[in-house]
2 protein chains.
Amino acid sequence: MFPLSLNTVTVKEKWDLAACIEGCARHGIPGISPWRDVLQAMGVGQAARRIRDAGLRVTGLCRGGMFPAADRAGRAAAIEDNRRAIAEAEAIGASCLVLVCGGLPPGSKDLPGAREMVREGLHAILPEARAAGVTLALEPLHPMTCADRSVLSTLGQALDLCDALGEGSGVALDVYHVWWDPELARQVARAGRRIAGFHLCDWKVPTTDLVFDRGMPGEGVIDIAGIRAMVEAAGYRGFAEVELLSHAWWKRDPDEVLAIMKERHATVC
Amino acid sequence: MFPLSLNTVTVKEKWDLAACIEGCARHGIPGISPWRDVLQAMGVGQAARRIRDAGLRVTGLCRGGMFPAADRAGRAAAIEDNRRAIAEAEAIGASCLVLVCGGLPPGSKDLPGAREMVREGLHAILPEARAAGVTLALEPLHPMTCADRSVLSTLGQALDLCDALGEGSGVALDVYHVWWDPELARQVARAGRRIAGFHLCDWKVPTTDLVFDRGMPGEGVIDIAGIRAMVEAAGYRGFAEVELLSHAWWKRDPDEVLAIMKERHATVC
């Protein structure tokens, strides 16, 4: 079984990072993956101490990326921000920095150009990532986010980038983003030990929003147990992180959300 | 320039097939692609005569497919319905039957199983398609429709099926469904003369509905001219069909929609 980790965005409307850390302890959840906004709200140094004192493993920091920009200054600013994110990830002992690579620059239709900006950004921050011992976890996002969130759309595309980047790079595999891919089994096997993070949620039918209508594992149609088996066969031995972006789940009592999360995790992981 | 064709769904809330045929004549649009509901409402025989009398080319019949079903009887019924669709396509002189292959059967998480049902359904109807001279145009649909509309998700996956099916099969390429694909250029070249239909609309930012928020060509971020060039280089010499599923566009005066469609078509095709 992959141990459970709470991605803090799952309860973002009701809990700050302190409440998330306490909640994980209370529910016996051994891992946590904070987003940068809640991390910065607490202060990185204090967060590092409290997470360590609670005995939690930090399965990732969410998120770096967002490399494409309309001009050179914008791209340079994005690279600088990613360097700060690497430093934050190192400070809290995160095993990886999760990268949502970014969409098309405003007004652009140049998809190959945006993908090239992602490639350049990754190469620019790789030395800092290696020096910090923080894996750059490239997260392919569902193709429906290609225009505005991630021109990195498939696991195969992410692994092509990892092939070029080498040491210090890996992939974050979220079942929500990759479950539909006819190449999934082949690409997960190809990924092997480069899987740096494994994220769970579910695809609801119907899905009413392109970003904020994810389901709790078990609530949708993704064969999570099947993908979990592929990931284990590829050699992954890390945590399973539950990451929900959902207006519906954000409204609920976070203690209830964590309890359901634990129960569902036990059935699929 | 690929000549323009009107997919009747583009004006489905205000025009029946008779109005579409007259509208194409009035606006100098040389092609039409009816959906089966408006075709059946007019009657296939009468529709065939009126389309012929108007001098319109029928660039496709929308749509067959929907092969996966929960039980054997459901799958057999889907195959029978596809045979009727092939007969209708032949009757109106459609160059192809566009296939939206279907999603997961209700309650199922077995994606490979659903894909196998699609493969079986296609092989079952291939003899009738060949006999009728109607190309089965496999349409890969955007991955966001995988659960409930099409487990056929990429052009590469469609071409793998075409490789097995051989004569009588091809692909319908809709820019909306494939624009994000990192493999697009390679797969369009691989498709070659198997491109049986080329459909246009656009990806809006933001997109607020997974099915009914398509944009008019030019309204979104798809590099339609770039994809059009790939398609021409692959050897395609057919029509460019505008197919909008959009609550916003359905509300507008169809004569205005056709006028805008013509103008946009001239800028990208």
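See the structure shown above.
The shown structure was predicted, so the numbers you read here are calculated from the model rather than taken from an experiment.

J.: Account for the environment of A:Ala147, naming residues and giving values.
T.: When you line up the elements, A:Ala147 lands in the loop between β6 (135-138) and α6 (155-165). With 38 residues separating them along the chain, A:Ala147 and A:Lys109 place their C-alpha atoms 8.8 Å apart. In contact with A:Ala147, other than residues within four places in its own chain, are A:Gly103, A:Leu104, B:Trp179, B:Trp203, B:Val205 and B:Val221.

J.: Explain the interface of chain B and chain A to me, using residue names and the numbers behind them.
T.: The interface of chain B with chain A comprises 30 residues on the first partner and 30 residues on the second. With both chains or domains summed, chain B and chain A bury close to 2,200 Å², and 71% of this area falls on carbon and sulfur atoms. Among the residues of chain B in contact with chain A, B:Lys109, B:Trp180 and B:Leu210 are the three that bury the most area, contributing 26% of the side total. Seen at the junction of chain B and chain A, the total is 0 salt bridges. At the boundary of chain B with chain A, the tally comes to 4 residue pairs in polar contact (both at pLDDT 80 or more). Tallied by class, residues from the side of chain B that touches chain A come to 14 nonpolar, 9 polar and 7 charged.

J.: Would you mind going over helix α9 (residues 224-233) of chain A in detail, with residue names and values included?
T.: All names here are of chain A. Within the sequence span of α9, burial applies to Ile224, Ile227, Arg228 and Val231. Along α9, the residues classed as buried sweep out an arc of 105° about the axis, all on the same side. Packed against the buried residues of α9 are β7 (169-174), α7 (175-178), α8 (184-191), β8 (195-200) and α11 (254-268). Downstream of α9 by one or two residues, Gly235 has phi in the positive range, about 110°.

J.: For the environment of B:Leu104, give the residues involved together with the corresponding values.
T.: In this structure, B:Leu104 sits in the loop between β5 (96-100) and α5 (111-132). As for B:Leu104 and B:Asn7, which are separated by 97 residues in sequence, their C-alpha atoms are 26 Å apart.

Rules used throughout
Residues numbered from 1 in each chain as written. Chains lettered and ligands numbered in written order. Predicted model: local features only at pLDDT ≥ 70, side-chain atom pairs only at ≥ 80, totals over all residues. Heavy atoms only, no water. Helix = DSSP H or I, 4+ residues; strand = E, 2+ residues; numbered from the N terminus. Contact = heavy atoms within 4.5 Å. Buried area = accessible area lost by both parts, 1.4 Å probe. Salt bridge = Lys/Arg side-chain N within 4 Å of Asp/Glu carboxyl O. Polar contact = N/O pair within 3.5 Å; in protein donor to acceptor, adjacent residues only side chain to side chain. Nonpolar A, V, L, I, M, F, W, Y, C, P; charged D, E, K, R; others polar. Buried < 20%, exposed > 50% of the residue type's maximum accessible area, 1.4 Å probe, protein only. Arc of directions from axis to C-beta.

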